[in-house]
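What follows is each chain in one-letter form.
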Amino acid sequence: QFSDSAGYVGFANLPNQVHRKSVKKGFEFTLMVVGESGLGKSTLINSLFLTDLYPERYIPGAAEKIERTVQIEASTVEIEERGVKLRLTVVDTPGYGDAINSQDCFRTIIQYIDNQFERYLHDESGLNRRHIIDNRVHCCFYFISPFGHGLKPLDVEFMKALHGKVNIVPVIAKADTLTLKERERLKRRVLDEISEHGIRIYQLPDADSDEDEEFKEQTRASIPFAVIGSNQLIEVKGKKIRGRLYPWGVVEVENPEHNDFLKLRTMLVTHMQDLQEVTQDLHYENFRSERLKRTGK
């Protein structure tokens, strides 16, 4: 109705232009997974993105783990869904918490995160800034063992060392080993300890007018996410589902009554942009200002 009037500019179409440009360019996202061996990190990542990121995995024996140092393994996969391309990089940290002395085991991880910031700063300050590849870590899934009574000292130290550099999302692994009561108790304990130690985890932004506020509140209330991963297809009532088959029944990965897998996946996908913005505006800016202060520029 306004198109014929003299004052019509047409900038209401700008968001569509931005959307088209973004879809054409594609998206980049880097996810780091940290946690002790055997907590199902690789299985969960494969379940989340329906890919096999670790086809030829080598699992070291106990003797090798005694002196083992933390390694950094980055796997990049291009995912396309309905014409939208995502370049996903998953950074794994095998060896974390495996050695007898785990005192310095997160130094390698801090070094890696800082190196990506450093590389981005260098590219940004260079002559050709058109095709900067963003390898900064946008999100870190921190896996908490379901077998303890809350956080271990290593968990606390790691999160305190990294909460100023990366968005931490705490995840309780192998949630099918816990009863519903135990799960709730562990979640409360973990949140209490996070608050007690002054650890800053990733906070979901407030719901926009077009978002489901109730679902967002449910997602917020589910943190830390208690998850189960599986790449196995099982037939249940004539339907093929991904789950884990036990002598007493089937645990369904994508059933919200069984675990928080769907909430974790929805949180990651719907807040991918926000995770990137927090990385850019908060963590990277902090690194950049510290770095420039140090060099005296």
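All of the points below concern the structure found in this document.

Calculation criteria
Residues numbered from 1 in each chain as written. Predicted model: local features only at pLDDT ≥ 70, side-chain atom pairs only at ≥ 80, totals over all residues. Heavy atoms only, no water. Pairing = 2+ DSSP bridges. Helix = DSSP H or I, 4+ residues; strand = E, 2+ residues; numbered from the N terminus. Axes fitted to C-alpha atoms, helices over the stretch in contact; angles between N-to-C directions. Expected span 1.5 Å × (residues − 1). Bend = angle between axes of the 7 residues up to and from the residue. Buried < 20%, exposed > 50% of the residue type's maximum accessible area, 1.4 Å probe, protein only. Contact = heavy atoms within 4.5 Å. Parallel < 35°, antiparallel > 145°, perpendicular 65-115°, else oblique. Nonpolar A, V, L, I, M, F, W, Y, C, P; charged D, E, K, R; others polar. Phe/Tyr/Trp six-rings, centres within 6.5 Å; stacked < 30°, edge-to-face > 60°. Lys NZ or Arg CZ within 6 Å of the ring centre and 35° of its normal.

### Describing the sheet that holds strand β8 (residues 239–246)
Thinking step 1. If you trace the 3 strands from one edge of the open sheet to the other, you get β7-β8-β9, paired in antiparallel fashion. Strand pairing shows two members of the sheet lacking a second neighbour, β7 (233–236) and β9 (249–252), which therefore form its edges. Strand after strand, the sheet turns through a mean of 70° between neighbouring axes, direction not considered.
Thinking step 2. The sheet contact formed by β7 and β8 spans 4 bridges and is antiparallel. Opposite L233, over in β8, you have R242 as the bridge partner.

### Describing helix α9 (residues 272–295)
Thinking step 1. When the terminal C-alpha atoms of α9 are compared, their 32 Å separation across 24 residues agrees well with the 34 Å that a helix rising 1.5 Å per residue should span.
Thinking step 2. Roughly 35° is the biggest bend found in α9, and it falls at Y284.
Thinking step 3. Of all the residues in α9, the buried ones are M272, D274, L275, Q276, T279, H283, Y284 and F287.
Thinking step 4. Contact partners of the buried residues in α9: β1 (27–34), β3 (84–92), α4 (107–125), β4 (139–144) and α8 (261–270).

### Notes on the packing of α4 against α9
Thinking step 1. With their axes 10 Å apart at the nearest point, α4 and α9 run at an angle of 80° to one another. Considering their axes alone, α4 and α9 lie roughly perpendicular with respect to each other. For the pair α4 and α9, the contacting residues are D114, F117, E118, Y120, L121 and E124 in the first and T279, Q280, H283, Y284, F287, R288 and R291 in the second.
Thinking step 2. Class assignment of the residues belonging to the contact of α4 with α9 gives a composition of 5 nonpolar, 3 polar and 5 charged.

### Here's the deal with helix α5 (residues 153–162)
Thinking step 1. All buried positions along α5 are accounted for by L154, D155, V156, F158, M159 and L162.
Thinking step 2. Where α5 is buried, its residues meet β1, α4, β4, β5 (168–172) and α6 (180–196).

### Things to note about the packing of aromatic side chains
Thinking step 1. All chains considered together, the criterion is met by 8 aromatic pairs.
Thinking step 2. Aromatic side chains Y96 and Y142 sit 6.1 Å apart centroid to centroid with 90° between the ring planes, which places their arrangement in the edge-to-face category. Of this pair, Y96 sits in the loop between β3 and α4 while Y142 sits in strand β4, and the two are 46 residues apart along the sequence.
Thinking step 3. Taking 5.9 Å as the distance between ring centres and 50° as the angle between the ring planes, the aromatic pair formed by F117 and Y284 counts as tilted. A residue pair is termed long-range when its members are at least 10 positions apart, and F117 in helix α4 and Y284 in helix α9 qualify at 167 residues.
Thinking step 4. Using a relative accessible area of 1% as the deciding quantity, one classes F117 as buried.
Thinking step 5. On the accessibility criterion, Y284 (0% relative accessible area) is buried.
Thinking step 6. Among the aromatic residues, those joined into a cluster by ring pairs are Y96, F106, Y142 and F158.
Thinking step 7. Residue placement shows R136 over the ring face of Y120; its charged tip is 3.7 Å from the ring centre.

### Considerations on the sheet that holds β5
Thinking step 1. Spatially, β2-β3-β1-β4-β5-β6 is the arrangement adopted by the 6 strands of the open sheet, whose pairing is mixed. Strands with a single pairing partner mark the edges of an open sheet, and in this sheet they are β2 (73–81) and β6 (225–226).
Thinking step 2. As paired strands, β1 and β4 are joined by 4 bridges and run parallel to one another. Bridged to V33 within β4 is F141.
Thinking step 3. Lying on the sheet, α9 is in contact with β1, β3 and β4; it crosses β1 at an angle near 80°.

### Points about the side chain of Q116
Thinking step 1. Topologically, Q116 is positioned in helix α4.
Thinking step 2. Here Q116 falls in the buried class, since its relative accessible area comes to 7%.

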